[in-house]
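So the chains spell out like this:
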Amino acid sequence: MKNLKKLFLPVLAAAFLAAPAQAADTLMMATTTSTQDTGLLEFLAPTFQKETGIELKWVAVGTGKALEIAKNCDADVLLVHAPAAEKEFVKAGHGIDRRQVMYNDFVVVGPKADPAGVKGKDTAAALKTIADKKASFVSRGDQSGTHKAEQKLWKQSGLNPDKEAFYISAGQGMMATLNMAAEKGAYTLTDRGTWIKFNAQQGAKNPLAIVVEGDKALFNQYSVITVNPKQCPKTKADLGKKFEDWWVAPSTQKRIAEFKLEGKQLFFPNAGK
């Protein structure tokens, strides 16, 4: 027996050393384009993995598409910004434990010359003026959180521009929509975070500028949600809980506040508020 132990122990040790390291837990997130385009996810993801041992992978699309991805059980968690759609998603049983984590705001941007003359107006008055003057307006047109917010703002203004010639549906992400607005000399609605990134990239050659901001109607809330394991049995709900707890933790909230571009804060933490 002693001889057998001497024979097998080196073999077992060699096999152990040759075995591949255990793969890290991975979590699939569907999120909105603004969290990627601004660089926020690249800023936070390494710390998330270091502190939790979970590798975060994601697909960045409009919030509407992100919710559909989750309904199809192709994501474990969500980071999105369309509160009404999110609440309906949870109410329908697709998601659990929705928690708000941060906010910024939307702004209306347009040509620096402001041909429609909307600068300084509130959002409703600005949209009515754009419509009255048939000034070009580029919409995301992709059922994203920004698109849903824009549709709500038009409705609150008593307008439905969908079939109007001045209204252009891009069907694209925020960066592409801003580029289109710049090319066409048009107005558009954007989240402030993506605008700051776009403006930094364009520099002095940026033909667009903020024309409407500071309206309460432009508030932009972001929340996290775990996909319901009762509807999607393969959902990693245990990792989803760790994911959500991490986002609302004081240390993470502090990092969100510290994330800046050219000295400007892009997102404002508000977990539990």
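Cut-offs and rules
- Residues numbered from 1 in each chain as written.
- Predicted model: local features only at pLDDT ≥ 70, side-chain atom pairs only at ≥ 80, totals over all residues.
- Heavy atoms only, no water.
- Domains from an automatic or database assignment.
- Contact = heavy atoms within 4.5 Å.
- Buried area = accessible area lost by both parts, 1.4 Å probe.
- Salt bridge = Lys/Arg side-chain N within 4 Å of Asp/Glu carboxyl O.
- Helix = DSSP H or I, 4+ residues; strand = E, 2+ residues; numbered from the N terminus.
- Nonpolar A, V, L, I, M, F, W, Y, C, P; charged D, E, K, R; others polar.
- 1 Å grid on protein atoms, 1.4 Å probe; cavity = no way out; pocket = protein on both sides within 12 Å on 5 of 7 lines; lining within 4 Å.
- Points joined across faces, edges and corners; volume = space filled by probe spheres on them.
- Pairing = 2+ DSSP bridges.
- Buried < 20%, exposed > 50% of the residue type's maximum accessible area, 1.4 Å probe, protein only.
- Arc of directions from axis to C-beta.

## A look at the domain arrangement of the protein
Reasoning step 1: Considered domain by domain, the protein is made up of domain 1 (26-104 + 221-269) and domain 2 (105-218).
Reasoning step 2: Between the C-alpha centres of domain 1 and domain 2 there is a distance of 26 Å.
Reasoning step 3: Residue-level contacts link 17 residues of domain 1 with 18 residues of domain 2.
Reasoning step 4: Roughly 1,300 Å² is buried in total at the junction of domain 1 and domain 2, and carbon and sulfur atoms are behind 60% of that figure.
Reasoning step 5: The largest share of the area that domain 1 buries against domain 2 comes from Asp37, His81 and Asn104, three residues that together contribute 34% of it.
Reasoning step 6: Counting the contacts that link domain 1 with domain 2 gives zero salt bridges.
Reasoning step 7: Elements that contribute at least two residues to the side of domain 1 that touches domain 2 include exactly α2 (33-37), α4 (63-71) and β11 (264-265).
Reasoning step 8: Of the residues forming the side of domain 1 that touches domain 2, the biggest block, three residues, is contributed by α2.
Reasoning step 9: Class assignment for the residues of the side of domain 1 that touches domain 2 results in five nonpolar, nine polar and three charged.

## Thoughts on the layout of surface pockets
Reasoning step 1: For the largest pocket, the calculated volume is near 420 Å³.
Reasoning step 2: Along the wall of the largest pocket there are 17 residues; nearest its centre are Pro83, Ala84, Lys148, Ala149 and Lys152.
Reasoning step 3: Looking at the lining of the largest pocket, the elements that each hand over two or more residues are α5 (83-91), α7 (145-156) and β9 (219-227).
Reasoning step 4: The element that contributes the greatest number of residues to the lining of the largest pocket is α7, accounting for seven residues.
Reasoning step 5: Classifying every residue of the lining of the largest pocket by side-chain character gives nine nonpolar, six polar and two charged.
Reasoning step 6: Formed jointly, the lining of the largest pocket draws a minimum of three residues from each of two domains, domain 1 (26-104 + 221-269) and domain 2 (105-218).

## As for the side chain of Thr194
Reasoning step 1: By the element assignment, Thr194 lies in helix α9 (residues 192-202).
Reasoning step 2: When near neighbours in sequence (up to four residues on either side) are disregarded, Thr194 contacts Ser34, Asp37, Thr38, Met174, Met175 and Leu178.

## A few points about the pairing of strand β1 (residues 25-32)
Reasoning step 1: Bridge count between β1 and strand β2 (residues 54-61): eight bridges; the pairing is parallel. For Asp25, the partnering residue across the bridge sits in β2 and is Ile54.
Reasoning step 2: Direction of pairing for β1 relative to strand β3 (residues 77-80): parallel, over a ladder of three bridges. The partner of Thr31 across the bridge, within β3, is Leu79.

## With respect to α5
Reasoning step 1: Among all positions of α5, only Ala85, Glu86 and Phe89 are buried. Down the axis of α5, the sector holding all buried residues measures 100°, keeping them to one side. More than 90 degrees from the buried face of α5, the exposed residues found are Ala84, Lys87 and Lys91.
Reasoning step 2: Remark: Gly93 follows α5 within two positions and exhibits a positive phi of approximately 90°.

## Describing the environment of Val108
Reasoning step 1: With respect to the secondary-structure elements, Val108 resides in strand β4 (residues 95-111).
Reasoning step 2: A relative accessible area of 2% places Val108 in the buried class.
Reasoning step 3: Measuring from C-alpha to C-alpha, the distance between Val108 and Leu127 comes to 9.3 Å, with 19 residues separating the pair along the chain.
Reasoning step 4: Aside from chain neighbours lying at most four places away, what touches Val108 is Thr188, Leu189, Ala209, Ile210, Val211 and Val212.

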